[in-house]
Amino acid sequence: MKISVSYLSSDYSPEKTIYLIEQSNADYLHVDLMDGGFVPRKNFTIQSLTNLLKNHELPLDIHLMVFDPLIYIKDLSRLQPEYITFHLESTKDIVKTISEIKKYQIKAGLTLRPDTPLEEIYPYLSFIDLVLIMSVNPGLGGQKFLEESVNRLEKLYEYRQANNLNFQISIDGGINNETIKKVSLVDIAVSGSYICKSKDYTKQITSLKETNQK
Ligand code: DX5
Ligand code: ZN
């Protein structure tokens, strides 16, 4: 299992937090973008994000919590992320947005709110590289893991096997050394406050990885 670290809720500045994540044994830097529309908070402009990430080394795993994700892809492609993931509920142009991401040789991810039926994502599964299961309501770090996510993960995992599909499965929200035990089927676990509210990022990441050696 790979660990993607979200710097959204940290006691340090984003700059210092990203530096600490880069020094640790994280596999990805998870970048949460919020537009103040799809979710209540807004946390970026493309310029501020470009400045913040100009020296990054870890592969980027971008999570868009914005309406109309299509209009952001070109600018974000300059950061050369490994994944750009957007919300099923955020646009009518799902196929077009997937194609736009792929146009820049970036892997495309789809995600959905915890209360959106999982089946709504099925028509797109053969076109995408990653599904992100939200295990909290999007928009805020530090929330409690929603137990129902375990059923959604198992259902998606089985659907992938039964249909010979090969997207990655990721999970985001409330992941710590207890909840990680319930989601051992994932390929990538996103974790924010469990890591960034600690003094020793490497120790926390290791404790997540040790639970599942996949
Ligand atoms: C929530 C964000 C998450 C969040 C994870 O909307 O998408 O990436 O930062 O933080 P924790 O691990 O604290 O739930
Ligand atoms: Zn996220």
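Before any of the text, the structure's been laid out above.
Residues numbered from 1 in each chain as written. Chains lettered and ligands numbered in written order. Predicted model: local features only at pLDDT ≥ 70, side-chain atom pairs only at ≥ 80, totals over all residues. Heavy atoms only, no water.

## Some thoughts on the sheet that holds strand S8 (residues 188-191)
The strand order S1-S2-S3-S4-S5-S6-S7-S8 describes a closed barrel built from eight strands, whose pairing is parallel. Here the average twist between neighbouring strands, direction ignored, is 25°. (Pairing = 2+ DSSP bridges. Helix = DSSP H or I, 4+ residues; strand = E, 2+ residues; numbered from the N terminus. Axes fitted to C-alpha atoms, helices over the stretch in contact; angles between N-to-C directions.)

## Re the pairing of strand S1 (residues 2-6)
Burial analysis of S1 places four of its five residues in the buried class, which makes it a mostly covered element. Sheet analysis places S1 next to S8, joined by four bridges and oriented parallel. Pairing of Val5 across the sheet is with Ser191, part of S8. Relative to strand S2 (residues 28-34), S1 is paired through three bridges, and the arrangement is parallel. (Buried < 20%, exposed > 50% of the residue type's maximum accessible area, 1.4 Å probe, protein only.)

## Quick word on the site of ligand 1
Every one of the 18 residues lining ligand 1 counts as a neighbour, but Gly139, Gly142, Asp172, Gly192 and Ser193 are closest to it. Here His63 contributes a side-chain N or O atom positioned 3.1 Å from an oxygen atom of ligand 1. Between ligand 1 and Gly174, the relevant distance is 2.8 Å, taken from an oxygen atom to a main-chain nitrogen or oxygen of the residue. For ligand 1, the protein covers 99% of the area, taking 380 Å² as the surface of the free molecule. Elements with a contribution of two residues or more to the shell around ligand 1: S2 and strand S3 (60-65). Broken down by class, the residue content of the shell around ligand 1 amounts to five nonpolar, 11 polar and two charged. (Near = heavy atom within 4 Å. Polar contact = N/O pair within 3.5 Å; in protein donor to acceptor, adjacent residues only side chain to side chain. Areas by Shrake-Rupley, 256 points an atom, 1.4 Å probe, with all protein chains shown as cover. Nonpolar A, V, L, I, M, F, W, Y, C, P; charged D, E, K, R; others polar.)

## Quick notes on the coordination of the zinc ion (ligand 2)
For the zinc ion (ligand 2), the protein coordination sphere consists of His30 (NE2), Asp32 (OD), His63 (ND1) and Asp172 (OD), at 2.0 to 2.3 Å. Metal-centred angles of 71 to 171° between the six donor atoms at the zinc ion (ligand 2) mark the site as octahedral. When the donors of the zinc ion (ligand 2) are listed by position in the chain, the intervening gaps give H-x1-D-x30-H-x108-D. Placement of the pair is His63 in strand S3 and Asp172 in strand S7 (residues 168-172), with a sequence separation of 109 residues. (Donors = N, O, S within 2.8 Å, 3.2 Å for Na, K, Ca; no water. Tetrahedral: all angles 85-135°; square planar, octahedral: opposite > 155°, others 65-115°.)

## Notes on the packing of aromatic side chains
Both the distance between ring centres and the angle between the ring planes are used here to describe each pair of aromatic rings. As enumerated under the stated definition, the model contains four aromatic pairs in all. Taken together, a centroid distance of 6.0 Å and an interplanar angle of 65° make the contact between Tyr28 and Tyr83 edge-to-face. Of this pair, Tyr28 sits in strand S2 while Tyr83 sits in strand S4 (residues 83-87); the two residues are 55 residues apart in sequence, bridging distant segments of the chain. For Tyr28, a relative accessible area of 8% puts it in the buried group. Between Phe38 and Phe67, the aromatic rings sit 5.4 Å apart at their centres with planes inclined by 85°, giving edge-to-face as the arrangement. Separated by 29 residues along the polypeptide, Phe38 in the loop between S2 and helix H2 (46-52) and Phe67 in the loop between S3 and helix H3 (73-77) bring together distant segments of the chain. For Phe67, a relative accessible area of 44% translates into the label partly exposed. (Phe/Tyr/Trp six-rings, centres within 6.5 Å; stacked < 30°, edge-to-face > 60°.)

## A word on unusual backbone geometry
Among all residues except glycine, the phi angle is most often negative; among peptide bonds, the trans geometry is most common. In this structure, Gln80 is a non-glycine residue whose phi angle is positive, near 50°. In the Ramachandran plot, Asn164 falls in the positive-phi region, its phi being about 55° despite a non-glycine side chain. Structurally, Asn164 is set in the loop between helix H5 (148-162) and S7. Residue Asn164 is classed as exposed on the basis of its relative accessible area, which comes to 70%.

## Description of the nonpolar core
Of all hydrophobic cores here, the largest spans 58 residues; its most connected members are Ile21, Leu29, Val31, Leu64, Leu76 and Ile195. Sequence-distant contacts of Leu64, defined by excluding residues within four places in its chain, comprise Leu33, Pro69, Ile73, Leu76, Ile84, Thr85, Phe86 and His87. (Core = buried A, V, L, I, M, F, W, Y, C linked by side-chain atoms within 4.5 Å. Contact = heavy atoms within 4.5 Å.)

## Concerning the pattern of salt bridges
Counted by the stated rule, this structure contains 10 salt bridges. One salt bridge in this structure joins Glu119 and Lys155, with 2.4 Å as the shortest N-O distance. Of the two residues, Glu119 sits in the loop between strand S5 (107-112) and strand S6 (130-134) while Lys155 sits in helix H5, which places them 36 residues apart along the sequence. Owing to a relative accessible area of 38%, Glu119 belongs among the partly exposed residues under this scheme. A relative accessible area of 38% places Lys155 in the partly exposed class. (Salt bridge = Lys/Arg side-chain N within 4 Å of Asp/Glu carboxyl O.)

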